[in-house]
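Each chain, letter by letter, is given below.
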Amino acid sequence: MKTDFKYVTLLIILVVFSMPKLYSASKNTIDTLLITKTIDPIFSLPYVDIDEWRDKPVRHRYVHGGFKGTDTRFSFYLPEEGNYQGRFFQYVTPVPDSENLSQGGEGEGDRIGFSLTHGAYFVETNGGGKAAMATYGSGIDPLIGAYKANAACAQYSKVIAKQMYSEHRTFGYIFGGSGGAYRTIGAIENTDGVWDGAVPFVVGSPMAIPNMFTIRMHAMRVLKDKFPQIMDAIQPGGSGDMYAGLNEEETAALKEATKMGFNPKSWFNHEGMGIHAFGVLYVGMTMADPGYFTDFWTKPGYLGYDEPESFKGYRIQHKAQITKGITVSEAHSLGLDVQAMAGQAHGTADKAWQNIDKKAEALPVALELNRNMPEVQFLGGDLIIKSGEAAGQSLPLRSIKDNKVVLGVVSDDILAKIEAGDEVIVDNSNFLAAQTYHRHQVPRKGYPVWDQFRDSVGNPIYPQRPMILGPLFAKAASGVLPKGKIKGKVILLESLWDTEALPWQGDWYRKQVEKRLGDQTDSNFRIWYTDHANHADFVNPGDPNYLVSFLGVLQQALLDLSAWVEKGIVPPPSTNYEIVDGQVVVPDSAKERKGIQPIVHLKANGSERADIKAGETVRLTGQIEIPINTGKIVNIEWDFEGIGEFQFKDKINNIQDTKIDIKAKHTFTKTGTYFPVVRITTQREGDQKTPYTLIRNIGKVRVVVN
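All figures in this text were calculated on a predicted structure; none of them were measured in a lab.

About the thresholds
Residues numbered from 1 in each chain as written. Predicted model: local features only at pLDDT ≥ 70, side-chain atom pairs only at ≥ 80, totals over all residues. Heavy atoms only, no water. pLDDT = per-residue confidence, 0-100. Contact = heavy atoms within 4.5 Å. Pairing = 2+ DSSP bridges. Helix = DSSP H or I, 4+ residues; strand = E, 2+ residues; numbered from the N terminus. Phe/Tyr/Trp six-rings, centres within 6.5 Å; stacked < 30°, edge-to-face > 60°. Buried < 20%, exposed > 50% of the residue type's maximum accessible area, 1.4 Å probe, protein only. Lys NZ or Arg CZ within 6 Å of the ring centre and 35° of its normal. Axes fitted to C-alpha atoms, helices over the stretch in contact; angles between N-to-C directions. Left-handed = near helix turned anticlockwise from the far one by under 90°. Nonpolar A, V, L, I, M, F, W, Y, C, P; charged D, E, K, R; others polar. Right-handed = clockwise from strand over helix to strand, strands pointing away. Salt bridge = Lys/Arg side-chain N within 4 Å of Asp/Glu carboxyl O.

### A short note on the confidence of the model for the protein chain
Detailed conclusions should not be drawn from predicted coordinates in areas where pLDDT is low.
Okay, step 1: In the predicted model, the protein chain carries a mean pLDDT of 89, and 90% of its residues have values of at least 70.
Okay, step 2: Predicted confidence is poor over residues 1–37, with pLDDT under 50, and the contacts of this stretch with residues over four places away or in other chains come to 51 contacts.
Okay, step 3: Within the model, pLDDT remains below 50 along residues 340–346, and this stretch shows 36 contacts once partners closer than five positions in the same chain are excluded.

Pasting the structure below:
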């Protein structure tokens, strides 16, 4: 249901003064109106409906409320006066979500606890609510969800803080990842006097959507059987030649993805990678450019027409009849994955596209057909309904299994029309066509990764579509496009193993800032890359033998940003890197790489690979390097057999050196190939007890036991 917002008239503003209990005093009312009037008149009537003290995660005052006449809601978490240092941290979700999202976080993942114990109150909003998610023709101001709702809440939080802590200058810092990074950037670029700094993380570019997904899906299809040998080649102690043993089509697909910016090391997760948010984007693509999906199979210059043999064994157009609908509970009992339904945010960078669907039991989340599907690699497709009340509808499919199909996001109205006996076609033709859409979206300039699709004089080698969809999708997600006009200080965080926001896109935004700030860039902007980190802002982002969480980097960035703004303490320099054929390449040494992440180099019997016999002992030696003035080693953990469990820890004695030697021994009793891993952790003050600001990295070697 869409909500039509109207600006608050002068009459309503005057009436508010006679409303009892809206504010504690008329002076506070005046302060509030003065603060919020520059954001948008619709945010002139704030209210508080919960104001209480809570003891978890630490003692704090909880204030909940919103703005009358809007769906905007906020939660403020204010520390006791003795723990307050005059600042707030505000988290922004990828799309409007719950203002209570951060409650219940634990340890390193506790945004509220981190803020309260570091001198800040914490602000979280619902971004204007679902009604703020503007669509074309809705009449809703897209800037509400982009930054206006967040800005109004931030400004009103200052009123509450002044009431609680007396008159003071309140410094504000906003942070968010993925789509939330777009919105964070939109906030710091398009407002004045609201926030003093920002930490956007794992951000894309205006050309990210849908292209960062299509490129990886094309590679996933072509290389599906070759990833094990590719990974073996680029793992420590491998041949280093990831193209060895690939045919012409496979080599081309891997080169295309790599030049587009996909880090080859990230393919370690090829079996569990899936299509991430593409299930949502795909529907938008078919609506925005329907002609492409016909042209792909019927016109020269498109892969489906030029090389139809590439799709042999992948394309299905399977006719069947619906025998029954399958509800959520039935789907679980049948082992069908219906949990991660794309469509609504869950407030984190990596899970923003997911929704645990709670349809009524009477409505199906999957369908049983009267015929089994052919066995193919199925990344997604459509269920085209040919008869019955829902005839003519095309429903997105997430997966197929035997004679069952799992639906994507489908409206309840359409689901209610589907009946047993309806004739359908399971067709993945459009989904296959989407996988090379990026070839037909070559931007004019500013995106070198697309140069691989140009001829010697710079013209696109493939037919180009009438519209470039990326900026349209990006603006729909965030309300505004990033331009580099930062109004405050910014520390941008990117992950070198990110498979959703490919790492070069952080450099793209850095260039936009440099265009605006010129020689003042270094006085206002940093970019830090985290190695072995992906898109997920989780405590456990994935396989610990490949990945570390970047949460500690994020938390330290917030503290460094506040010190930069409030005290003039200059943060560590940006990561030193260069872009080579779409890849972000960083130096091997911490002194040259800079940033704030430690680096560890590990050897097995003096090399990246040790070949031994069962029963022999391997000497593991290495060196940890810490960028200058970024912290002390607080933890060294070993997983000798690469099973994902760090059971052995070295004793740490407050080591402060920037270079530290490490060593260990392990005896391998069984034949096989092992990848011993060491995980190191630094903390700025050397605090071994805190769960926050822990910055990690890993080192790995190969041991082959014959």
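### Some details on the sheet that holds strand 24 (residues 648–649)
Okay, step 1: Within the open sheet, the four strands sit side by side as 24-23-27-28. Their pairing is antiparallel. Unpaired on one side and paired on the other, strand 24 and strand 28 (695–700) mark the two borders of the sheet.
Okay, step 2: Sheet analysis places strand 27 (residues 677–683) next to strand 28, joined by six bridges and oriented antiparallel. By the bridge assignment, Thr682 is partnered in strand 28 with Ile695.

### Remarks on the packing of aromatic side chains
Okay, step 1: This model, assessed by the stated rule, comprises 40 aromatic pairs.
Okay, step 2: The interplanar angle of 20° and the centroid separation of 5.7 Å between the aromatic rings of Trp638 and Phe640 together place this pair among those described as stacked.
Okay, step 3: Looking at Phe640, the relative accessible area reads 8%, which means it is buried.
Okay, step 4: Three or more aromatic residues joined by ring pairs make a cluster, and in this case those are Phe278, Tyr282, Tyr292, Phe293, Phe296, Trp297, Tyr302, Phe311, Phe431 and Tyr437.
Okay, step 5: When the ring centre of Phe171 is taken as origin, the NZ or CZ atom of Arg169, which lies over that ring, is 4.0 Å away.
Okay, step 6: Over the ring of Tyr314 we find Arg221, and its NZ or CZ is 5.1 Å from the ring centre.

### Brief notes about the packing of helix 4 (residues 142–165) against helix 5 (residues 179–190)
A pair of packed helices is captured by two measures, namely the crossing angle of their axes and the spacing between those axes.
Okay, step 1: Between helix 4 and helix 5, the least distance of the axes is 9 Å, while the angle of their chain directions is 60°. When you trace helix 4 past helix 5, the crossing you get is right-handed. Seen from helix 4, the contacting residues are Gly145, Ala146, Tyr147 and Asn150; seen from helix 5, they are Arg183, Gly186, Ala187 and Asn190.
Okay, step 2: Of the residues contributing to the contact of helix 4 with helix 5, the split by class is three nonpolar, four polar and one charged.

### Comments concerning the environment of Ser394
Okay, step 1: Inspection of the secondary structure puts Ser394 in strand 13 (residues 394–401).
Okay, step 2: In this structure, the C-alpha to C-alpha distance between Ser394 and Asp427, residues 33 residues apart in sequence, is 9.7 Å.
Okay, step 3: Residues contacting Ser394, with those up to four places away along its chain left out, are Asp382, Leu383 and Ile384.

### So, the sheet that holds strand 7 (residues 197–201)
Okay, step 1: With mixed pairing, the nine strands of this open sheet are ordered in space as 1-2-3-5-4-6-7-16-17. In the strand order of this sheet, the two ends are held by strand 1 (46–54) and strand 17 (525–530), each with one partner. Shown here is a sheet whose adjacent strand axes are inclined to one another by a mean of 15°, direction ignored.
Okay, step 2: Alignment of strand 6 (residues 171–177) against strand 7, held across five bridges, turns out to be parallel. From the neighbouring strand, Ile174 faces strand 7, where its bridge partner is Ala198.

### Quick look at the pairing of strand 5 (residues 120–125)
Okay, step 1: Counting buried positions along strand 5 yields six of six residues, so the element is predominantly enclosed.
Okay, step 2: Where burial is concerned, the two faces of strand 5 agree: the one with Ala120, Phe122 and Glu124 and the one with Tyr121, Val123 and Thr125 are both buried.
Okay, step 3: Sheet analysis places strand 3 (residues 73–79) next to strand 5, joined by four bridges and oriented antiparallel. Paired with Phe74 across the two strands is Thr125, which belongs to strand 5.
Okay, step 4: Inspection of the sheet shows strand 4 (residues 87–92) paired to strand 5 by five bridges, in the parallel sense. Residue pairing in the sheet places Arg87 in a bridge with Ala120 of strand 5.
Okay, step 5: On the question of chirality, the crossover connecting strand 4 to the parallel strand 5 by way of helix 3 (residues 111–116) is right-handed.

### Looking at the pattern of salt bridges
Okay, step 1: This structure, assessed with the given rule, holds 28 salt bridges.
Okay, step 2: Two residues, Glu167 and Lys162, come together in a salt bridge whose shortest N-O distance is 3.8 Å.
Okay, step 3: In this structure Glu167 comes out as exposed when scored by relative accessible area, which is 63%.
Okay, step 4: Its relative accessible area of 23% is what places Lys162 among the partly exposed residues.
Okay, step 5: Through salt bridges with shared partners, a single ionic network connects Asp289, Asp295, Lys299 and Arg465.

### With respect to unusual backbone geometry
Okay, step 1: With an omega of 5°, the peptide bond between Lys56 and Pro57 qualifies as cis.
Okay, step 2: Within the secondary structure, Pro57 is located in the loop between strand 1 and strand 2 (60–67).
Okay, step 3: Following Ile209, the chain continues into Pro210 via a peptide bond in cis, with omega recorded as 0°.
Okay, step 4: Here Pro210 is to be found in the loop between strand 7 and helix 6 (211–222).

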